[in-house]
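Residue-level structural notes
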Amino acid sequence: MHPAPPADDHDHAACIDAALDRAAELCARRGARLTRLRRRVLELVWQGHAAVKAYDLLAELERKGASAKPPTVYRALDFLMAHGLVHRLESLNSYVGCPQPDAPHAGQFLICDSCGTVREFEASAIQRAIASQAADLGFAVGRQTVEIRGVCRSCRLAPAGSG
């Protein structure tokens, strides 16, 4: 997974379609139901390359005429997380689509404090360091999220006053 922001010629509609197709295929292989609501929530998460909050998803669903309630959205997000289709960013209390949902992994995330773009990457050295420290301390890791906050290349290179 490459942490760079999408290229200027990035076809985001194709990106969303690919994510939804992968999700449908993965759920079918696992015998899990990707209901219309779960698919719509996943589609909304993938609308941008930034994290999205559950209540923003709820507001968008309601704007489109769906009568979803908070527990419904959270259940959909729980399902999507359980199947590796989205990740929860703890520091933002938000969700982001997973570009590689086929295999379980504990990715790391670069979060731009300027534009909100999130990029997932996986560095085995980081994984090994965490596993080693946890083992040395007798700690059993249950869930792991590594979030790195800063400013992305696009924002750093943007002319002053353009953002």
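Residues numbered from 1 in each chain as written. Predicted model: local features only at pLDDT ≥ 70, side-chain atom pairs only at ≥ 80, totals over all residues. Heavy atoms only, no water.

Observations concerning the nonpolar core
- Grouped together as the largest cluster of nonpolar side chains are 27 residues, with contacts concentrated most on Val41, Leu42, Leu57, Val73 and Leu77.
- Counting residues per element, the ones that place at least two in this core are α1 (12-30), α2 (36-45), α3 (54-63) and α4 (70-82).
- Top contributing element to this core by residue count: α1, with 7 residues.
- Excluding residues that lie within four positions of it along the chain, valine 41 makes contacts with Leu57, Leu61, Ala76, Leu77 and Leu80. (Core = buried A, V, L, I, M, F, W, Y, C linked by side-chain atoms within 4.5 Å. Buried < 20%, exposed > 50% of the residue type's maximum accessible area, 1.4 Å probe, protein only. Helix = DSSP H or I, 4+ residues; strand = E, 2+ residues; numbered from the N terminus. Contact = heavy atoms within 4.5 Å.)

Brief notes about the pattern of salt bridges
- Counted under the stated rule, the structure contains 7 salt bridges.
- Salt-bridge contacts for arginine 29 lead to glutamate 25; the nearest nitrogen and oxygen are separated by 3.0 Å. With arginine 29 and glutamate 25 both in helix α1, this residue pair falls 4 residues apart, about one helical turn.
- The closest approach of N and O atoms between arginine 29 and aspartate 102, which form a salt bridge, is 3.5 Å. Linking arginine 29 in helix α1 with aspartate 102 in the loop between β2 (94-97) and β3 (108-112), this pair joins segments that are 73 residues apart in sequence.
- The class of aspartate 102 is partly exposed, set by a relative accessible area of 42%. (Salt bridge = Lys/Arg side-chain N within 4 Å of Asp/Glu carboxyl O.)

Brief notes about helix α5 (residues 124-136)
- Its 13 residues place the ends of α5 18 Å apart at the C-alpha level, agreeing with the 18 Å of an ideal helix rising 1.5 Å per residue.
- The positive-phi residue at the C-terminal boundary of α5 is glycine 138, with phi of around 70°. (Expected span 1.5 Å × (residues − 1).)

Some thoughts on the confidence of the model for the protein chain
- For the protein chain, mean pLDDT is 88; residues scoring 70 or higher make up 92% of the total.
- Counted against residues more than four places away or in other chains, residues 1-5, with its pLDDT under 50, gives 16 contacts. (pLDDT = per-residue confidence, 0-100.)

Some thoughts on the packing of α2 against α3
- Relative to each other, α2 and α3 sit at 115°, their axes nearing to 10 Å. Between α2 and α3 lies a crossing whose hand is right-handed. Here α2 contributes Leu37, Arg40, Val41, Leu44 and Val45 to the contact with α3, which in turn contributes Leu57, Glu60 and Leu61.
- Of the residues assigned to the contact of α2 with α3, the class counts are 6 nonpolar, no polar and 2 charged. (Axes fitted to C-alpha atoms, helices over the stretch in contact; angles between N-to-C directions. Left-handed = near helix turned anticlockwise from the far one by under 90°. Nonpolar A, V, L, I, M, F, W, Y, C, P; charged D, E, K, R; others polar.)

Re the packing of α1 against α2
- Contact pair α1 / α2: the axes reach a minimum separation of 10 Å and the direction vectors enclose 145°. Considering only the axes of α1 and α2, their crossing is right-handed. Packed against α1, whose contacting residues are Ile16, Ala19, Leu20, Ala23 and Ala24, the element α2 presents Arg39, Leu42 and Glu43 at the interface.

What to know about the sheet that holds strand β4 (residues 118-121)
- Strand order in the open sheet made by the 3 strands is β4-β3-β5, with mixed pairing throughout. Of all strands in the sheet, those bounded by a partner on one side alone are β4 and β5 (146-150). Across the sheet, the mean angle from the axis of one strand to that of its neighbour is 20°, orientation sign disregarded.
- Where β3 meets β4, 4 bridges bridge the pair, whose relative direction is antiparallel. Paired with phenylalanine 109 across the strands is glutamate 120, a residue of β4. (Pairing = 2+ DSSP bridges.)

A word on the pairing of β4
- The alternating pattern of β4 places Val118 and Glu120 on one face and Arg119 and Phe121 on the opposite face, and all of these are buried.
- Once β3 ends, the chain turns through 5 residues before running back antiparallel as β4, passing glycine 116 with a positive phi of about 85°.

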